[in-house]
Every structure is written in C-alpha cells, then in structure tokens.
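# Per-entry structural report
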Amino acid sequence: MKTKRTGTILCLVGNILNIIGFIIFILYFKTLGSGISVNTEMIVDGLIIVIDSAIMIALSILFLKGKINKDLMKLYSISMLLLSITLFAVLCILFLSSVLCCYMIYIVFPIISLVGSIMILAGKEKNEVKETKKDN
Amino acid sequence: MLKRIKRIWIVSLIIIIAISFGLSIYLYNTPDENEKILINWANERMKDITYKNTFKIQEAEINKEKGYCIISYHYDDEQGENQSCREVWKMEDNEIKTNLGDLGGTKVMDLPIGYLNYTSDKLKEIATEIENDSKTVSLDSNRLTRLLEK
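Residues numbered from 1 in each chain as written. Chains lettered and ligands numbered in written order. Predicted model: local features only at pLDDT ≥ 70, side-chain atom pairs only at ≥ 80, totals over all residues. Heavy atoms only, no water.

## Regarding the pairing of strand S1 (residues 56–63) of chain B
Residue and element names in this part refer to chain B. The sheet contact formed by S1 and strand S2 (residues 68–76) spans seven bridges and is antiparallel. By the bridge assignment for S2, Asn63 is matched with Tyr68. Counted along the chain from S1 to the antiparallel partner S2, the turn is four residues long, and its residue Gly67 has a positive phi close to 75°. Sheet topology note: the S1/strand S5 (residues 137–139) ladder contains three bridges and is antiparallel. By the bridge assignment, Glu61 is partnered in S5 with Ser138. (Pairing = 2+ DSSP bridges. Helix = DSSP H or I, 4+ residues; strand = E, 2+ residues; numbered from the N terminus.)

Here it is, written out as structure tokens:
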C-alpha cells in the first residue's frame, strides 16, 4: 500500500507541475514572443494535457482520501497508467510537431507521472503477492 | 451499483483516451487555414524550382487584414547554388498572389501595373509594419516543412 501511496503522490505532483508548466509555457509563447507563435495544435494539445492532468489529480486526491472502493483499485491503477501514457504520447507528438528541442525539459513532468502510475500498478501486484503468501 | 460505476468509468476512460489521441494525431497531420494558404503558395513556387527537395521555408508571417505575407525560404538553383530569399508577397482572396520583391536583394521585380509604387524602401516599410502588427500570424517552419513533404 505504501508503494501505491508514493506512486499516487508522484502522480499528483507530476500532474500539478504539468498544468502549471503548460500554463507558463503557453503564456511565454503568447506574450513574451519567443519567435514561435501559438498555433491551434499547441492550444488543443495543451487543453488535452490540462484535462488529462486534472482527471489524474482528481483520481489521486480520491485515492489519498480513501474514497476509492477496494473493488475499484485495479481499475484505478490501470486508469492512472493509461492516462499517463496518453499524456506522455500527446506531449511527444506536440514536441515532434512544432516545438523546439530546448523545451524538451518540460517532458520531465509527464515522466514523473508515468513513474508514479507504474508504482501504483506495482504496489497492487506486491499486495497481491503478500496475500497469496499469507494464504499458503 | 458497483458494476454500473465500473462500466461508466471504463467507457469514460476509453472516450477520453480516444479523443486525446484522435485530436492530437489529427492536428499533427492537418494544416490550419493559414498553413493551407502557404502550402498552396509553396506548391506553386516549387514548380519553377529544379531541385524541389532543397526548398525549405524558414519563416512565414501572414497578415490577412493588410493582405501581405513575408516569406523567408531557400532552395538550390539549377547550378546547385543555394538561393536564399526574404520576399514580400501581396495576398488576394486568401491566396498569396504577387511577389512584390526581395527584402534583402537588389533585384528589380517585374511588377504588374498597379504595383509600381512598391520600391525597395516601401517594401522595408511594409515589412516592419507587418512584423510589428499584432494581427500578424507567424507560422511554424517545422510544421510547414513537414506538411509540405507529404
């Protein structure tokens, strides 16, 4: 359960940083004039990233508050992993498409989230292993 | 109740992931309105260029309201020499139509009647005005190059 909790905290931190990072990122391009204009792709992908991150934050808070039913734990773990992968993939597509490589540092936050979600899934597996050992 | 929650959860998850991936890939592959204008221009421009694969757009700024477009591009000519241009183009009906001249060069353009007042100084004046206008949209050259190659 500890690994699961640590993973959830990592996901929470990663996604909060993700949202803050993306808002700063868009504001930087839009107002300070970095030589790249904000195009439709950046705005829509940004919205996707913010919405996915918000869902993951909501799920993490629900888990930390103990509001997720034990029967829904597996679904929770899989959802976090799938959403993390989606977030990472969308960001990779965005960077491949238009944004300069020097802003690749921004990809660190989804990686934190991805590591967190893997820990959530791993935590589940460890618990299951412990339970089977006890049964034996 | 739990089964219902599970079902709603799974369906929502699938929808969110499908929309995220779908939109992202669609936007990656589809040019927007301004990019379409520039791609049409580039396809026309490339007809006169021997080595089409050397044609690269470096910078493009479009101001639809004022009807001007500033494009920086380079290509290899028939002798294999690299030609670099930064030109001002006049737009008509959402299309880039008339080349008004090169901002860096001294080449005198063979302009049609009605465009004769576009002297070198006038072009530089227009370019500065366009660059500083808030309604000017500068296009992403990475995206343009990728979309052009398709």
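That covers the picture; the talk isn't over yet.
## Notes on the sheet that holds strand S3 (residues 82–92) of chain B
Residue and element names in this part refer to chain B. Overall, antiparallel pairing links the five strands, which are arranged S4-S3-S2-S1-S5 in an open sheet. The open sheet has two free edges, formed respectively by strand S4 (95–102) and S5, since each of these has just one partner strand. Sheet twist, expressed as the average angle between the axes of neighbouring strands with direction ignored, equals 25°. (Axes fitted to C-alpha atoms, helices over the stretch in contact; angles between N-to-C directions.)

## Describing the confidence of the model for chain A
Mean pLDDT for chain A: 81, with 77% of residues reaching 70 or above. Element-level mean pLDDT values for chain A span from 74 in helix H4 (residues 108–135) of chain A up to 90 in helix H2 (residues 40–64) of chain A. (pLDDT = per-residue confidence, 0-100.)

## Notes on the packing of H2 of chain A against helix H3 (residues 73–97) of chain A
Two quantities define a packed helix pair, namely the angle between the helix axes and the distance between the axes. Residues and elements named next belong to chain A. Contact pair H2 / H3: the axes reach a minimum separation of 10 Å and the direction vectors enclose 160°. In terms of axis orientation, H2 runs roughly antiparallel to H3. Considering the relative orientation of H2 and H3, their crossing is left-handed. For the contact of H2 with H3, the per-class residue count stands at 16 nonpolar, six polar and three charged. (Parallel < 35°, antiparallel > 145°, perpendicular 65-115°, else oblique. Left-handed = near helix turned anticlockwise from the far one by under 90°. Nonpolar A, V, L, I, M, F, W, Y, C, P; charged D, E, K, R; others polar.)

## Looking at the pattern of salt bridges
For the structure shown, the criterion picks out 10 salt bridges over all chains. The partner of Glu44 of chain B in a salt bridge is Lys47 of chain B, with the nearest N and O atoms 2.9 Å apart. In this structure, the salt-bridge partner of Lys66 of chain B is Glu129 of chain B, at a minimum N-O distance of 3.2 Å. Here the residue Lys66 of chain B occupies a position in the loop between S1 and S2, and Glu129 of chain B occupies one in helix H3 (residues 120–132), the gap between them amounting to 63 residues. Judged by relative accessible area, Glu129 of chain B falls into the partly exposed class, the value being 42%. Salt bridges here are not isolated pairs; linked through shared partners, they connect Glu41 of chain A together with Glu35 and Arg143 of chain B. (Salt bridge = Lys/Arg side-chain N within 4 Å of Asp/Glu carboxyl O. Buried < 20%, exposed > 50% of the residue type's maximum accessible area, 1.4 Å probe, protein only.)

## Some thoughts on helix H2 (residues 33–46) of chain B
Residues and elements named next belong to chain B. Along its 14 residues, H2 runs 20 Å from first to last C-alpha, staying within 8% of the 20 Å computed at 1.5 Å per residue. When we look at burial in H2, the residues that qualify are Asn34, Glu35, Ile37, Leu38, Ile39, Trp41, Ala42, Arg45 and Met46. The secondary structure elements touched by the buried residues of H2 are S1, S2, S3, S4, S5 and helix H4 (141–149). Backbone nitrogen of Asn34 and a side-chain oxygen of the N-cap are separated by 3.2 Å at the start of H2; the cap is Asp32. (Expected span 1.5 Å × (residues − 1). Contact = heavy atoms within 4.5 Å. Polar contact = N/O pair within 3.5 Å; in protein donor to acceptor, adjacent residues only side chain to side chain.)

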